[in-house]
Each structure stands twice: as C-alpha cells, then as structure tokens.
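Below are the chains, spelled out letter by letter.
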Amino acid sequence: MALDSPPAAVPAAAPPAAAAPQLLELFVAFAKMSLAGFGGVLVWARRSIVEQHRWMTADEFNETFALCHFLPGPNVVNLSVVFGSRFRGIPGAIAAFVGLLGPPVVIVTILAALYARYGEFDALRRALAGVSCVAVGLLFAVIFKMLMPLVRKRDPIALVLLAGVFVAVGLLRQPMPVVLAVAIPVSIGLAFARRRAA
Amino acid sequence: MNDTGVGALLTLAWTFGLMSLLAIGGAAAAIPEIHRVVVELRHWMTDLQFADAFAIAQLSPGPNVLIVTLIGYQVAGIAGALVATLAMCVPTATLAYFVNRLLARSSHSRWPSVIQAALVPLSIGLMSASGLILALTADRSLAAAMITAMTALLASTTRLNPLWLLLAGGCLGFAGVL
C-alpha cells in the first residue's frame, strides 16, 4: 500500500463512465453481492462496483475501502453506507445498507429458528461440528494472509504489538475495551514517532 | 430463548452497540469480546452454541457480522435478531457516513494512513485471539484439528470457494469422522 497520499482530486482518470446508480439499483446491487458472498462479501463488492457496473475505478474503490477498514465496525457494512451516500446522499446510504443486510438477515434468522428447534438432533450436531472446524480454518487463512506482509517487512514493533494484544485477549482473556484503551494510544503514538523520525 | 422482554432488547442494543466500536478492522476482531460477554459474562449461550453460531454465520451468505443475528435470536427471538444486527451495524455505519463527508470536504490529509498502519497489527492480534478461542471449542479431537489445519492450508494456497470447504466439512462431520 502506498503511504503517500494518492492524487485523489485529479479529475483526469477517464472511467468510470457509468451513470450514477438509482436507489433501486443500489439496493439490488448490494443485495446481490451480499447473497453471493459466502465467507466474505468484499470480493463480490469489488467485482460488482468496479468491474460489472463501473460505478468506481479500482483506485477509487481501494481508497473507499481503506477508509471503511480504518473505521471500526463491519467493513462491508461501512462500505455500503459510504458508497451509497456518495451517489445518492442519505437515501442512497440506506438503500445500500438495507440491500446488503436485509436478505441475509432474513436467511440467518430462519437458520437460527431451525437451529433453536433442531439443534439437538444428532445428525445435525455432527454436521455442524464439521462445519465449525472448517469455519475456524477459514478464519486462520484470513489471519495468515494479513500476517504475511508484516512478517515480510520484519517490523518488530508491529509484531510485538500484535503478540501483546493476542496474549492479553486470547490467552489471559482480558476485556477488550481495557486492552484497546492501552494498545491503541501506544500503537498510534509509536507510529507517529517513527513517521517523524523517518 | 430466555427472555423476550424489552429489558432483554435494551441489553442487546447497548451490548452490541458498544461492541461495534471495538471491531477494529472488521467483525472477526470483535469475536473475543462477543464471546466473553455472551458466553462467560451473561451466559446467553454455551461455548458449543457459540461455535455453532460462528459456523452457521460462515455458512450463510452475507457479511460475517451476522453471527450477532444468531445471538440476538437466541436471546430474544426475531426482535432480538433485528436489534442485535442493527446495534452492531448502525453506530459504525453512521460514523463512517460522517467521517467520509468530513474527509471529502477537507484536503487529503495523511493522518488516516498513519493511524491505519498503527491499527493493522492490533486488528490481526484480535483476529488471532478469535481464532484461538474458536479453535479451542471446535477442535476437540485430533481429526477436527486436522480438518481445521487442512482448511487453513487449502484456503491460503488455492482459490476454492469457501462454501465448498464448509460443505465438505459438514459431510465429514455427518459421516462421523470427528
């Protein structure tokens, strides 16, 4: 990732040529990418917004996602609101948000009701145990992908901070608000100090 | 379901409203805190139910944050599912809306990139803690741990759709491999 600010305000970039999406289009596009997104919606969001509809260039998309990633909360949900509002203001934000969350919430609620009723069935218990193992493995793969750039950079401060948070929250089971109240100021302070020294 | 009263809904709302602000880098980073509050503090779910909820959320389409929908349903039915989901998503979405407007107006500043770089290691540390907590529940046999390890390997080295891996895991479990 480039550390210098990208030339965001340069209007010369030619595409996307597509017209700004209507409210219904926003709703449908986000509902579709959400329903396609097993194990993560981001890939489909990029495909839909950049490649299929050409509502944003790849750079614009990356920049928007970087903002949503740096803010707390579910990234793709943040993305839907920021994206929708850029084109259609608050109604656009709501259309994208409801499109992203509405249909899967209905599906998950139905699954929750089925689980509440049949969760004790032996066959279902066995199958879910298998799914759980795979789900955890998928999470490890995501962590691994995010970890590798830090390991490759041999950034000792980042790795110590990472390990500290892991030990405090994962092994010692300390409350996250307390851990973050210490870790966030320390990490940001160090980042600014190093930026100044560089 | 333990309680369908307004009190339960309010508790869900502020629990997950607060939680959403701790989700640095995404929903997976909030799993340790969700687990601590839901399983250890409030006893809304057992450890096993929590692992099941994570599995069902991964198996369903949509963002992975929907594990809170399952927790909300367990606590207070359909209303609970809705309240938990909105509480987890609306506060940070609103924040994102205003920060985006603010940044669009100001000239491009460089502090967001510095802060972002500072938050990435913390986010990965939290996700690793999530992985540990979930693995301790899900992987209670050697075969289970091996399925997790195989999945991690396959998902990092191939571009297989995760859905196939999840379904394969379900079949292995159904067949009694675990």
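The structure under discussion appears in the preceding block.
Model, not experiment: these values are computed from the prediction. (Residues numbered from 1 in each chain as written. Chains lettered and ligands numbered in written order. Predicted model: local features only at pLDDT ≥ 70, side-chain atom pairs only at ≥ 80, totals over all residues.)

Peer 1: Whenever I open this one, the packing of helix α5 (residues 122-153) of chain A against helix α3 (residues 47-59) of chain B confuses me. Can you help?
Peer 2: Helix-helix packing is described using two parameters, namely the angle between the two axes and the distance between the axes. Packing of α5 of chain A against α3 of chain B leaves a shortest axis separation of 8 Å and a crossing angle of 70°. Here α3 of chain B runs roughly perpendicular to α5 of chain A, going by the angle between their axes. Side by side, α5 of chain A and α3 of chain B meet where Leu-128, Val-131, Ser-132, Ala-135 and Leu-138 of chain A of the first sit next to Ala-51, Asp-52, Phe-54, Ala-55, Gln-58 and Leu-59 of chain B of the second. Among the residues forming the contact of α5 of chain A with α3 of chain B, the class breakdown is 8 nonpolar, 2 polar and 1 charged. (Axes fitted to C-alpha atoms, helices over the stretch in contact; angles between N-to-C directions. Helix = DSSP H or I, 4+ residues; strand = E, 2+ residues; numbered from the N terminus. Parallel < 35°, antiparallel > 145°, perpendicular 65-115°, else oblique. Contact = placed C-beta atoms within 7 Å. Nonpolar A, V, L, I, M, F, W, Y, C, P; charged D, E, K, R; others polar.)

Peer 1: How do you make sense of unusual backbone geometry when you look at a structure like this?
Peer 2: Residues and elements named next belong to chain A. Within the chain, Arg-54 stands out as a residue other than glycine whose phi angle is a positive 55°. Inspection of the secondary structure assignment puts Arg-54 in the loop between α2 (42-52) and α3 (58-70). Judged by C-beta crowding, with 13 C-beta atoms within 10 Å, Arg-54 ranks as partly exposed. Even without a glycine there, the phi angle at Arg-154 is positive, about 50°. For Arg-154, a count of 8 C-beta atoms within 10 Å translates into the label exposed. (Buried ≥ 20, exposed ≤ 12 C-beta atoms within 10 Å, placed from the backbone.)

Peer 1: Can you help me understand the interface of chain B and chain A in this one?
Peer 2: Many analyses report the size of an interface as the accessible area lost when the parts associate. Taken together, the contact pairs 90 residues of chain B with 82 residues of chain A. Of all the secondary-structure elements, those providing two or more residues to the side of chain B that touches chain A are α1 (6-22), α2 (31-41), α3, α4 (67-105), α5 (111-138), α6 (142-157) and α7 (162-174) of chain B. Here the side of chain B that touches chain A gets 23 residues from one element, more than from any other, and that element is α5 of chain B. For the side of chain B that touches chain A, the per-class residue count stands at 59 nonpolar, 26 polar and 5 charged.

Peer 1: I keep staring at the environment of Val-75 of chain B and nothing clicks. Help me out?
Peer 2: With respect to the helices and strands, the residue Val-75 of chain B is situated in helix α4. Residues Val-75 of chain B and Ile-133 of chain B lie 58 residues apart in sequence; the distance between their C-alpha atoms is 21 Å.

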